[in-house]
Amino acid sequence: MKQWYISTVSDYIAAIERLRSYYPGRAFFPSPVEKTFLFRGHCDSSYELRPGVFRKTIETSTQRPVENDKYLAWTSEKELLGKFIQEASAYIKLPATDVLHWAEYAQHYGVPTRFLDWSTNPLVALYFACRDKINTDGTVWLLHSSNYNRFVNEDYASMKDATAGEIITDLINSKSQVEYPVLYTPYYVDTRMSVQQSYFLVWGTNPEPLDKMLPEDKYWMDLPEKDNGVRMYVSAQQEELLFRFDIHADRKQPLLHELDMIGINEKTLFPGLDGIGRYVERQYRFDYIEAVQG
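From a predicted model like this one, the values you see are computed outputs, not experimental measurements. (Residues numbered from 1 in each chain as written. Predicted model: local features only at pLDDT ≥ 70, side-chain atom pairs only at ≥ 80, totals over all residues. Heavy atoms only, no water.)

Description of the nonpolar core
- Membership of the largest hydrophobic core comes to 47 residues, with the highest contact counts inside it found for Phe115, Leu143, Tyr148, Leu210 and Leu242.
- Element by element, the count of residues in this core is highest for helix H3 (residues 99-108), at 6 residues.
- Judged by nonpolar contacts, the second largest core, of 31 residues, contains Tyr12, Ala129, Val140 and Leu223. (Core = buried A, V, L, I, M, F, W, Y, C linked by side-chain atoms within 4.5 Å. Buried < 20%, exposed > 50% of the residue type's maximum accessible area, 1.4 Å probe, protein only. Helix = DSSP H or I, 4+ residues; strand = E, 2+ residues; numbered from the N terminus.)

A look at the pattern of salt bridges
- In this structure the tally under the stated criterion is 8 salt bridges.
- As a salt-bridge pair, Glu48 and Arg50 come within 2.9 Å of each other at their nearest N and O atoms.
- What makes Glu48 partly exposed here is its relative accessible area of 34%.
- A salt bridge links Asp132 to Arg131; the nearest nitrogen and oxygen atoms lie 3.8 Å apart.
- One connected set of salt bridges, linked through shared partners, spans Glu48, Arg50 and Lys212. (Salt bridge = Lys/Arg side-chain N within 4 Å of Asp/Glu carboxyl O.)

Details of the pairing of strand S6 (residues 138-144)
- For S6, a buried count of 7 out of 7 residues is recorded, marking the element as mostly surrounded by other parts of the structure.
- Burial along S6 is two-sided: the residues Gly138, Val140, Leu142 and His144 and Thr139, Trp141 and Leu143 are all buried.
- Direction of pairing for strand S2 (residues 37-42) relative to S6: antiparallel, over a ladder of 6 bridges. Note that in S6 the partner of His42 across the bridge is Thr139.
- Both S6 and strand S9 (residues 242-247) contribute to a ladder of 6 bridges, which runs antiparallel. In the sheet register, Val140 faces S9, and the bridge partner there is Phe245. (Pairing = 2+ DSSP bridges.)

Considering the pairing of S2
- Across the 6 residues that make up S2, a large majority, 6, are buried.
- Burial of the side chains of S2 extends over both faces: Phe37, Phe39 and Gly41 are buried on one face and Leu38, Arg40 and His42 on the other.

Comments concerning the environment of Tyr5
- Tracing the chain through its elements places Tyr5 in strand S1 (residues 4-5).
- Take Tyr5: its relative accessible area is 36%, and that puts it in the partly exposed class.
- Here the alpha-carbon distance between Tyr5 and Ile247, two residues 242 residues apart in the chain, equals 5.4 Å.

A word on the layout of surface pockets
- If you add up the space inside the largest pocket, you get close to 1200 Å³.
- Arg40, Arg55, Gln107, Leu116 and Asp117 are, among the 40 residues lining the largest pocket, the residues nearest its centre.
- Those elements giving two or more residues to the lining of the largest pocket turn out to be S2, strand S3 (56-59), H3, strand S5 (115-119), helix H4 (122-130), helix H7 (191-195) and strand S8 (198-202).
- When residues of the lining of the largest pocket are assigned to their parent elements, the largest contribution, 5 residues, is made by S5.
- Split into classes, the residues belonging to the lining of the largest pocket amount to 17 nonpolar, 12 polar and 11 charged. (1 Å grid on protein atoms, 1.4 Å probe; cavity = no way out; pocket = protein on both sides within 12 Å on 5 of 7 lines; lining within 4 Å. Points joined across faces, edges and corners; volume = space filled by probe spheres on them. Nonpolar A, V, L, I, M, F, W, Y, C, P; charged D, E, K, R; others polar.)

Details of the packing of aromatic side chains
- Scanning the entire structure with this criterion turns up 10 aromatic pairs.
- For the ring pair Tyr12 and Phe245, a centre distance of 5.4 Å and an interplane angle of 75 degrees mean the geometry is edge-to-face. With Tyr12 in helix H1 (residues 9-22) and Phe245 in strand S9, this residue pair connects regions lying 233 residues apart in the sequence. Residues Tyr12 and Phe245 agree in their burial class; the two are buried.
- Judged by centre distance (5.9 Å) and plane angle (80 degrees), the ring pair of Phe84 and Trp102 falls under edge-to-face. One end of the pair, Phe84, is in helix H2 (residues 77-88); the other, Trp102, is in helix H3, with 18 residues separating them in the sequence.
- Judged by its relative accessible area of 14%, Phe84 is buried.
- Taken together, the ring pairs in this structure connect Tyr148, Phe151, Tyr180 and Tyr219 into an aromatic cluster. (Phe/Tyr/Trp six-rings, centres within 6.5 Å; stacked < 30°, edge-to-face > 60°.)

The values are spatial; any link to function lies outside them.
Pasting the structure below:
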């Protein structure tokens, strides 16, 4: 896969617009409410597209590298969620059997789940790709939602009458054999989810990272360096569904400054006193290397 590096916000938006023209959500008359692309930012380009509950760690201090489950080594997903329900029931009034919405709250408050956060706003994803690990390259992943749903339709064929929520509930309860992640629009249980325009990709029975599930030669979008004005709608545009933008570490701070100028910052993405505090701290932080290079 060819790497596309982002240096400025304008370059990033222009590239997304080119992708949107080459890979429309529909051949004709796109829906005004359809979200063609979803975005996810990683502050470390080596991070996998894998949800928290299935993440692995590699222990390198041993004679041979050892791979361990980060959270499931001594427990199960159901037990993790059950512990959160037990501890949080005094604050969140939901039936214990409503595991779908409990899982949404668990994800929101940092408990490892099979949910992976995405956003319909590309600037939100770019912010998260740049906000941390300033000495490490970052990545923004892009998922073509309608092409993805087309891809997984065969996997869902046996459950065509079930809603996404019902499928996810069965997955949490180990009663479903759906292999691929399910796209799901959550209830916005917090204003932060609303301003960040959250979507979830909820893992099925396959715990592998999304990019490892999809053969690169068939499912990765490509972006010509120049727009030649040709508009076709062929099979590739209905099948290819993943793309990534990479960000050099030395561009993270300049990009954060650009995002701040257009209202994407801690204060707007994390409503409340915590966000205000982080916003003020970042405003007055002095970075010598950035100042010298800037």
